[in-house]
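Observations on the model geometry
Below, each chain spelled out in residue letters.
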Amino acid sequence: VGVTDQELIVHAMRDAQLLLSEHIERGPSDAEETISQLLEILDRQDVVAATNRLCREHGLRPFK
């Protein structure tokens, strides 16, 4: 079953939010590991492609 770009991005954001909340709950821990895990979630090829498509469709440009 196909997933829309919106669904793909929402799932990635929810995964990232969960990871961050777990990191905060654990207290001071390995921030580098958390960043690495965030990159695994947010920098996946399908997530980046979906984000780019939605930005083009809606005329959005990246913030600088």
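Anyway, here's the lowdown on the structure attached to this text. Just so it is clear, the structure is predicted and the values come from calculations on it, not from any experiment.

1. Remarks on helix H2 (residues 31–42)
- Given a rise of 1.5 Å per residue, 12 residues ought to cover 16 Å, and the 16 Å separating the end C-alpha atoms of H2 matches this to within 8%.
- Taken together, the buried positions of H2 are occupied by Thr34, Leu38 and Ile41. End-on, the buried residues of H2 take up no more than an arc of 60°, which puts them together on one face. Looking at H2, the residues exposed on the side facing more than 90 degrees away from the buried face are Glu32, Leu39 and Glu40.

2. Considering the environment of glutamine 6
- Counting through the fold element by element, glutamine 6 comes out in helix H1 (residues 5–26).
- Overall, the relative accessible area of 44% leaves glutamine 6 in the partly exposed class.

3. Examining the pattern of salt bridges
- For the structure on display, the rule yields 2 salt bridges.
- In this structure, the salt-bridge partner of arginine 53 is aspartate 5, at a minimum N-O distance of 2.7 Å. Pair noted here: arginine 53 is in helix H3 (residues 45–58) and aspartate 5 is in helix H1, with a separation of 48 residues, a long-range link.
- Residue classification places arginine 53 among the partly exposed positions, given a relative accessible area of 34%.

Rules of the game
Residues numbered from 1 in each chain as written. Predicted model: local features only at pLDDT ≥ 70, side-chain atom pairs only at ≥ 80, totals over all residues. Heavy atoms only, no water. Helix = DSSP H or I, 4+ residues; strand = E, 2+ residues; numbered from the N terminus. Expected span 1.5 Å × (residues − 1). Buried < 20%, exposed > 50% of the residue type's maximum accessible area, 1.4 Å probe, protein only. Arc of directions from axis to C-beta. Salt bridge = Lys/Arg side-chain N within 4 Å of Asp/Glu carboxyl O.

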